[in-house]
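# An overview of the molecular structure
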Amino acid sequence: MNHTNLIQKTVDFVQSTLADAEAGHDWWHTYRVWQNAQQIAQSEAADLLVVELGALLHDIADAKFHEGDEAIGPRTAQQFLEKQRANAITIEHVVNIVRHISFKGGNFQQAFRSPELAVVQDADRLDALGAIGIARTFHYGGFRNRPLYDPEVPPILNMSKEEYKHSQAPTINHFYEKLLLLKDRMNTETGKQLAEERHRFMEQFLSQFYREWKSEG
């Protein structure tokens, strides 16, 4: 199967699988990550097929919607690609991207690295920043019935993987526990440049949020 046909088959599979997904992790999130990844890959020495497949399949079965099962995403991606008779080396690489892409707290050390993972990870992190990132964050907070903000509950920085996974903190805390950390964790030069504006927008949003919370201005 050629590149174009495999990508189209993957698009169809992801759209069908994520048809009823939570809006922050649905097909449109995947689509934006796919587009971001293709843009970033233009400036990187990366295998575009692996990048596109990794981007399209990166959230095919997110652990937080499957009782914390971190194996279901990589397994689903592998089963799909094997059914399409993709190259074994490509399958292994894409599965490693799906397995290692996620942010898991400030103390987590990534065990797998590749130029393709760097591109897809930056593309995914960009969608957690800026206006889209803010919208996704509050949508997920509402989905989990979390408070918007509680001044009595401070953010916890450098959480362990388990602390991050089980956190029930107010939504605003997530900005400090993850989103505002991402700019300095981008892998590629293009990713770093694209993250700057989105990071500044979030800082402006937080400043406005606190002014309105205190009824200032």
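About the thresholds
Residues numbered from 1 in each chain as written. Predicted model: local features only at pLDDT ≥ 70, side-chain atom pairs only at ≥ 80, totals over all residues. Heavy atoms only, no water. Phe/Tyr/Trp six-rings, centres within 6.5 Å; stacked < 30°, edge-to-face > 60°. Helix = DSSP H or I, 4+ residues; strand = E, 2+ residues; numbered from the N terminus. Buried < 20%, exposed > 50% of the residue type's maximum accessible area, 1.4 Å probe, protein only. Axes fitted to C-alpha atoms, helices over the stretch in contact; angles between N-to-C directions. Parallel < 35°, antiparallel > 145°, perpendicular 65-115°, else oblique. Left-handed = near helix turned anticlockwise from the far one by under 90°. Contact = heavy atoms within 4.5 Å. Nonpolar A, V, L, I, M, F, W, Y, C, P; charged D, E, K, R; others polar. Salt bridge = Lys/Arg side-chain N within 4 Å of Asp/Glu carboxyl O. Polar contact = N/O pair within 3.5 Å; in protein donor to acceptor, adjacent residues only side chain to side chain. Core = buried A, V, L, I, M, F, W, Y, C linked by side-chain atoms within 4.5 Å.

## Digging into the packing of aromatic side chains
All chains considered together, the criterion is met by 16 aromatic pairs. Pairing Tyr 31 with Trp 34 gives two aromatic rings, centres 6.0 Å apart and planes at 80°, and the pair type is edge-to-face. In this pair, Tyr 31 and Trp 34 both sit in helix α2 (residues 27-41), three residues apart, roughly one turn of the helix. Look at Tyr 31 and you get partly exposed, because its relative accessible area is 32%. Overall, the relative accessible area of 13% leaves Trp 34 in the buried class. The interplanar angle of 25° and the centroid separation of 5.8 Å between the aromatic rings of Phe 209 and Trp 213 together place this pair among those described as stacked. Placement of both Phe 209 and Trp 213 in helix α10 (residues 189-213) is noted, with a separation of four residues, approximately one turn of the helix. Members of the aromatic cluster, each reached through a chain of ring pairs, are Phe 138, Tyr 149, Phe 175, Phe 205, Phe 209, Tyr 210 and Trp 213.

## Quick notes on the packing of helix α3 (residues 48-57) against helix α6 (residues 115-126)
Running from N to C, α3 and α6 point in directions that differ by 40°, and their axes come no closer than 9 Å. Considering the angle they form, α3 stands oblique to α6. In this structure, the crossing between α3 and α6 has a hand that is right-handed. For the pair formed by α3 and α6, the contact residues are Val 50, Val 51, Gly 54 and Ala 55 on the first element and Glu 116, Val 119 and Val 120 on the second. When grouped by side-chain class, the residues that make up the contact of α3 with α6 number five nonpolar, one polar and one charged.

## Structural notes on the pattern of salt bridges
Between side chains of opposite charge, a pair can form as their charged atoms come close. Counted by the stated rule, this structure contains five salt bridges. With a shortest N-O distance of 2.7 Å, Asp 127 and Arg 32 are connected by a salt bridge. Note that Asp 127 is positioned in the loop between α6 and α7 (130-143) and Arg 32 in helix α2, a separation of 95 residues in sequence. Among the residues examined, Arg 32 registers a relative accessible area of 23% and is labelled partly exposed. In this structure, Asp 127 and Arg 136 form a salt bridge, with 3.7 Å as the shortest nitrogen-oxygen distance. Here the two residues Asp 127 and Arg 136 agree in accessibility, since each one is buried. The network of salt bridges with shared partners includes Arg 32, Asp 127 and Arg 136.

## Notes on α3
Within α3, nine of the ten residues are buried, leaving the element largely enclosed by the surrounding structure. Turning to α3, the residues buried within the fold contact α1 (3-17), α2, α4 (72-83), α5 (88-100) and α6. Where α3 begins, the side chain of Asp 47 points an oxygen toward the backbone nitrogen of Leu 49, at a separation of 3.0 Å.

## Examining the nonpolar core
One finds Leu 57, Leu 81 and Phe 175 to be the most contacted residues of the largest nonpolar core, which totals 48 residues. Broken down by secondary-structure element, the contributors of at least two residues to this core are α1, α2, α3, α4, α5, α6, α9 (171-177) and α10. Here this core gets seven residues from one element, more than from any other, and that element is α3. In this structure Phe 175 touches Ile 134, Thr 137, Phe 138, Leu 180, Met 202, Phe 205 and Leu 206, once residues within four positions along its chain are discounted.

## Some words on the environment of His 29
Structurally, His 29 can be placed in helix α2. Each C-alpha atom of the pair His 29 and Ala 128 lies 9.7 Å from the other, and the pair is 99 residues apart in sequence. Once residues lying within four places of it in the same chain are set aside, the contact partners of His 29 are Gly 24, His 58, Asp 59, Asp 124, Asp 127 and Arg 136.

## A closer look at unusual backbone geometry
Positive phi outside glycine occurs at Arg 85, with the angle close to 60°. Within the secondary structure layout, Arg 85 lies in the loop between α4 and α5. With a relative accessible area of 75%, Arg 85 lands in the exposed category. Notably, Asn 145 is not glycine yet its phi reads approximately 55°, a positive angle. The residue Asn 145 is located in the loop between α7 and α8 (161-166) in this model.

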